[in-house]
Amino acid sequence: MRLLMVQHGGDYRETVRRFAAGGRETYYAQRYTVEALAKIGQEIGEAGILCCVTDEPYNERLENGVRAIGVGDRHHQEINRSKIFRLIEEYDPSHLIFLFPDRLLLKWAIKQNRRVMGLFTDSSPQPGVKNQ
């Protein structure tokens, strides 16, 4: 089983590195959420997280075992769905969890016959995200 969580903002890779260097949480229970994803990955086979807005693009397995994928595009007005689609296809998850509402991403995932769930931890409109 390969789980991929897709979030709009918040750089998981940066957070894991900050914690490894002795840094602090920037919000309540952030360390718990980082550790929980790593534990889920160990239990099911593999877990990854795709961050749509990061300073630079990257795709790497972190020291906690989670595959972190950054789209880049921090300076663009809108998320680049074609890049997101390509990165999801490359990771080839068996299950997808979207952490922000985006109707086009959800429709695409369903058309791709992916098992998909929305767990909208941030349901407020995001700058640059147009839910058409």
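Our subject is the structure listed above.
In this text the structure is predicted, and so the values were computed from the model without any measurement.

### A closer look at the pairing of strand S6 (residues 115-118)
- Relative to S6, strand S5 (residues 95-98) runs parallel, the two sharing four bridges. When the bridges of S6 are listed, His95 appears paired with Arg115.

### Overview of the packing of aromatic side chains
- Under the criterion given, the structure shown has one aromatic pair.
- Aromatic pair Phe85 and Trp108: ring centres 4.6 Å apart, planes at 15 degrees, arrangement stacked. Of this pair, Phe85 sits in helix H3 (residues 81-91) while Trp108 is found in helix H4 (residues 103-111), placing the two residues 23 residues apart along the sequence.
- A residue is classified by how much of its surface remains accessible, and Trp108, at 12% relative accessible area, is buried.
- Cation over ring: Arg2 sits above Tyr91, and NZ or CZ is 4.2 Å from the ring centre.

### Focus on the sheet that holds strand S2 (residues 46-51)
- Spatially, six strands are ordered S3-S4-S2-S1-S5-S6 in an open sheet, and the strand pairing comes out mixed. Looking at which strands have only one partner, the edges of the open sheet turn out to be strand S3 (58-61) and S6. On average, each strand axis in the sheet is tilted by 15 degrees relative to the strand beside it, whichever way the strands run.
- Here four bridges tie S2 to strand S4 (residues 67-70), and the two strands are oriented parallel to one another. If you follow Leu50 over to S4, its bridge partner there is Ile69.

Conventions and cut-offs
Per-chain numbering applies: the sequence of each chain, read as written, is numbered from 1 onward. Owing to the predicted nature of the model, reporting of local features is limited to residues with pLDDT of at least 70; listing and counting of side-chain atom pairs is limited to 80 or more, with chain, interface and lining totals taken over all residues. The side-chain numbers reported here are obtained from all heavy atoms of the structure, hydrogens and water having been left aside. Pairing between two strands is assigned when DSSP locates at least 2 bridges connecting them. Under the DSSP-based scheme used, a helix requires at least four consecutive residues in state H or I and a strand at least two consecutive residues in state E, with every element numbered from the N terminus. In this analysis, rings of Phe, Tyr and Trp, with Trp reduced to its six-membered ring, are considered paired at centre separations within 6.5 Å, and the interplanar angle assigns stacked below 30 degrees, edge-to-face beyond 60, and tilted for intermediate values. Exposure classes here rest on a 1.4 Å probe applied to the protein chains alone. A residue is buried below 20% of its type maximum, exposed above 50%, and partly exposed in between. Whether a charge lies above a ring is judged from NZ of Lys or CZ of Arg, which has to be within 6 Å of the ring centre and within 35 degrees of the ring normal. For helices, the fitted axis covers only the stretch in contact; all axes are lines through C-alpha atoms, and the angles between them, taken along N-to-C directions, range from 0 to 180 degrees.

By themselves, these observations are geometric and do not establish any function.
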